[in-house]
Amino acid sequence: MPQVIVVTSGKGGVGKTTTTANLGTALAMLNQHVVLIDADIGLRNLDVVLGLENRIVYDLVDVVEGYCRLRQALVRDKQFDNLYLLPAAQTKDKTAVNPEQMTALCQELRQDFDYIMIDCPAGIEQGFKNAIAGAEKAIIVTTPEVAAIRDADRIIGLLEAEGRGDPKLVINRLRPNMVRRGDMLDIIDVIDILAIDLLGVVPEDERVVALTNRGEAAVLQNNSRAGKAYRNIALRITGENVPLMPLAEEEGLWDRLRRAVGLGRH
Amino acid sequence: MFSFLKKLFHRPASKDIAKERLQLILARERVSPSPSFLERVKDDIIQVVNHYLEIDAAAAQVRFVHQESMVALMARIPVLSVKPAALGKKEESGHGEESQLDC
Ligand SMILES: Nc1ncnc2c1ncn2[C@@H]1O[C@H](COP(=O)(O)OP(=O)(O)OP(=O)(O)O)[C@@H](O)[C@H]1O
Ligand SMILES: [Mg+2]
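Residues numbered from 1 in each chain as written. Chains lettered and ligands numbered in written order. Predicted model: local features only at pLDDT ≥ 70, side-chain atom pairs only at ≥ 80, totals over all residues. Heavy atoms only, no water.

K.L.:
Would you mind going over the overall build of chain B in detail, with residue names and values included?
P.N.:
Scanning chain B from N- to C-terminus turns up 4 helices and 4 strands. Looking at the 103 residues of chain B, the share that counts as buried comes to 23%. Taking the contacts inside chain B whose residues are at least 6 apart along the sequence as the reference set, 51% of them involve residues at least 24 apart. Accessible area for chain B stands at about 7,800 Å²; split by element, carbon and sulfur atoms hold 56% of it. (Helix = DSSP H or I, 4+ residues; strand = E, 2+ residues; numbered from the N terminus. Buried < 20%, exposed > 50% of the residue type's maximum accessible area, 1.4 Å probe, protein only. Contact = heavy atoms within 4.5 Å. Areas by Shrake-Rupley, 256 points an atom, 1.4 Å probe, with all protein chains shown as cover.)

K.L.:
With reference to specific residues and values, describe the confidence of the model for chain B.
P.N.:
Residues and elements named next belong to chain B. Averaged over every residue, the pLDDT of chain B is 78; residues scoring 70 or more account for 72%. At the low end of the mean pLDDT range in chain B sits strand β4 (residues 98–102), at 50; at the high end sits strand β1 (residues 53–55), at 93. Per-residue pLDDT stays below 50 along residues 92–98; that stretch engages in 11 contacts with residues further than four places along the chain or on separate chains. (pLDDT = per-residue confidence, 0-100.)

K.L.:
Just give me the short version of helix α2 (residues 14–29) of chain B, but keep the residues and values in it.
P.N.:
With 16 residues, α2(B) extends 22 Å from end C-alpha to end C-alpha; this agrees with the ideal 22 Å at 1.5 Å per step. Looking only at α2(B), the buried set comprises Lys15(B), Ala18(B), Lys19(B), Leu22(B), Ile25(B) and Leu26(B). An end-on view of α2(B) places all buried positions within 135 degrees of arc, on one side of the element. Check the buried side of α2(B) and you find it contacts α7 (146–161) and α9 (187–194) of chain A. (Expected span 1.5 Å × (residues − 1). Arc of directions from axis to C-beta.)

K.L.:
Report on the interface of chain A and chain B, specifying residues and quantitative values.
P.N.:
Counting from both sides, the interface comprises 15 residues of chain A and, opposite them, 16 residues of chain B. Roughly 1,400 Å² is buried in total at the junction of chain A and chain B, and carbon and sulfur atoms are behind 59% of that figure. Run the count over chain A and chain B and you get 6 salt bridges. For Glu29(B), the salt bridge identified is with Arg150(A), shortest N-O distance 2.6 Å. Taken together, the connections running from chain A to chain B amount to 10 residue pairs in polar contact (both at pLDDT 80 or more). The set of elements that each furnish at least two residues to the side of chain A that touches chain B consists of α7 and α9 of chain A. When its residues are assigned to classes, the side of chain A that touches chain B shows 7 nonpolar, 1 polar and 7 charged. (Buried area = accessible area lost by both parts, 1.4 Å probe. Salt bridge = Lys/Arg side-chain N within 4 Å of Asp/Glu carboxyl O. Polar contact = N/O pair within 3.5 Å; in protein donor to acceptor, adjacent residues only side chain to side chain. Nonpolar A, V, L, I, M, F, W, Y, C, P; charged D, E, K, R; others polar.)

K.L.:
Which residues make up the sheet that holds strand β4 (residues 83–86) of chain A, and what values go with them?
P.N.:
Residues and elements named next belong to chain A. Strands sit in the order β3-β4-β2-β5-β1-β6-β7-β8 across an open sheet of 8 strands; the sheet is mixed. At either end of the open sheet lies a strand with only one pairing partner, and these are β3 (75–76) and β8 (197–203). Inspection of the sheet shows strand β6 (residues 137–142) paired to strand β7 (residues 168–174) by 4 bridges, in the parallel sense. Note that in β7 the partner of isoleucine 140 across the bridge is leucine 169. Along the sheet, α7 makes contact with β1 (3–8) and β6, crossing β6 at roughly 165 degrees. (Pairing = 2+ DSSP bridges. Axes fitted to C-alpha atoms, helices over the stretch in contact; angles between N-to-C directions.)

K.L.:
Can you lay out the site of ligand 1 for me, pointing to particular residues and giving the numbers?
P.N.:
All names here are of chain A. Taken together, 17 residues sit near ligand 1, with Gly13, Lys16, Thr17, Thr18 and Asn172 positioned nearest. Contact distances for ligand 1 include 2.9 Å between an oxygen atom and a side-chain N or O atom of arginine 173. Between aspartate 205 and ligand 1, the recorded distance is 2.9 Å, taken from a backbone N or O atom to a nitrogen atom. Protein chains bury 81% of the 630 Å² of accessible surface belonging to ligand 1 in isolation. Residue assignment for the shell around ligand 1 shows that the elements contributing at least two residues are α1 (16–29), β7, β8 and α10 (206–214). The biggest single contributor to the shell around ligand 1 is α1, with 3 residues. Looking at the shell around ligand 1 residue by residue, the classes come out as 6 nonpolar, 6 polar and 5 charged. (Near = heavy atom within 4 Å.)

K.L.:
Quick rundown of the packing of aromatic side chains? Include the residues and the values.
P.N.:
Residues and elements named next belong to chain A. Under the criterion given, the structure shown has 2 aromatic pairs over all chains. Measuring from ring centre to ring centre gives 6.2 Å for tyrosine 58 and tyrosine 67, while their planes differ by 70 degrees; the resulting arrangement is edge-to-face. Aromatic side chains tyrosine 84 and phenylalanine 113 sit 5.7 Å apart centroid to centroid with 70 degrees between the ring planes, which places their arrangement in the edge-to-face category. Highlighted residues: tyrosine 84 in strand β4 and phenylalanine 113 in the loop between α5 (99–109) and β5 (115–119), separated in sequence by 29 residues. What makes phenylalanine 113 buried here is its relative accessible area of 7%. (Phe/Tyr/Trp six-rings, centres within 6.5 Å; stacked < 30°, edge-to-face > 60°.)

K.L.:
Break down the nonpolar core for me, with residues and values.
P.N.:
Residues Ile37(A) and Ile139(A) are the most contacted members of the largest nonpolar core, which totals 92 residues. In this structure, Leu38(B), Val49(B), Ile55(B) and Ile77(B) belong to the second largest nonpolar core, which totals 11 residues. (Core = buried A, V, L, I, M, F, W, Y, C linked by side-chain atoms within 4.5 Å.)

K.L.:
Tell me about helix α6 (residues 126–133) of chain A, and name the residues and values.
P.N.:
Residues and elements named next belong to chain A. Burial analysis of α6 places 6 of its 8 residues in the buried class, which makes it a mostly covered element. Among all positions in α6, only Gly127, Phe128, Asn130, Ala131, Ile132 and Ala133 are buried. Looking at the packing, one finds that the buried side of α6 touches β1, α5, β5 and α7.

K.L.:
Tell me about the environment of Ile124(A), residues and numbers included.
P.N.:
Tracing the backbone shows Ile124(A) in the loop between β5 and α6. On a C-alpha basis, the gap between Ile124(A) and Leu158(A) in space is 8.5 Å, while along the polypeptide they are 34 residues apart.

K.L.:
Which residues make up the packing of α5(A) against α6(A), and what are the values?
P.N.:
All names here are of chain A. Remark: α5 packs on α6, axes separated minimally by 7 Å, with the N-to-C direction vectors making an angle of 30 degrees. Judged on the interaxial angle alone, α6 and α5 are roughly parallel. Taken as a pair, α5 and α6 cross one another with a handedness that is right-handed. Packed against α5, whose contacting residues are Pro99, Met102 and Thr103, the element α6 presents Gln126, Lys129, Asn130 and Ala133 at the interface. Per-class residue counts for the contact of α5 with α6 are 3 nonpolar, 3 polar and 1 charged. (Parallel < 35°, antiparallel > 145°, perpendicular 65-115°, else oblique. Left-handed = near helix turned anticlockwise from the far one by under 90°.)

Here it is as structure tokens:
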């Protein structure tokens, strides 16, 4: 059964595009047929994160307007021939597409793919409504911060009102050191507050930025902790039961010393 | 060093403050649905009250009010008169006054 999953957050910049790119790549590594839709019309991003910006010919709006066939607009990944991108239009705005058209598009893609993942724009306006229209599942991305969590809660409420309940949570950019100091909400706090199921936790990882510079997904790197976290989430999406990985990096000497003299919190 | 330690133990962790703030914010926002939702609530309340009282439906207002740790639904419905038929055996209440219902 194909699944259409929207990746959304409310607040901007919390990691929707990073999450979509990495989960899509990780699912492709698991031999699934995956298409990623960039629904952020006017602010296309997913193409550069995947390193596919030079291969784009047509885009989502071209398809919807009947300017080209869906097949022609799909951009194949550099590495996986079972991973495709449907790019957003860059010169149009969000009103160029409506929810009915998005629903029809997702319906068509179901025939050829196992997973259709939609990278949602920030906000709760037309772009959000388009992005959720064709999806029956939702992943909410948040960081462990007050503003992001508040917006996530709003999105959860809106999804419920649209009859798309039961979204799953990804907590991104968690910093174990700050959590240990009591300066960042921990996993339990966030779940307590939002009261939805946890799909995974992705630690803050400098390599995400460095890899994104190259247009490479973190899941392809064995030494990236964020990559490992995303690979685990992809496995959970396919129905496997994978426990949360230990989040803290190997502790440094300084941390151990501080804890030894009782300055740390644990 | 000592005062630093003292501070460390007396100040609540910033994440606890964040959690508390979030819980308050969300308690409020989760019951602040769309205006159309409140319109529906208002229409239903008016319908019920209408059985008993002659009211000025056009001037009725329904909204949420936030008190310290509680959210209340406040309905302000101008009452014109009590409907004689509805009085039955119950005792009379004030005529022609404006009254507030806390629901
Ligand atoms: N786990 C992580 N560790 C380090 N950096 C991260 C992590 N996740 C995301 N980032 C960085 O955060 C920035 C924002 O990420 P991203 O573009 O995925 O967010 P977004 O939610 O899609 O933003 P927008 O709302 O603008 O679409 C990027 O620079 C990205 O590289
Ligand atoms: Mg994005």
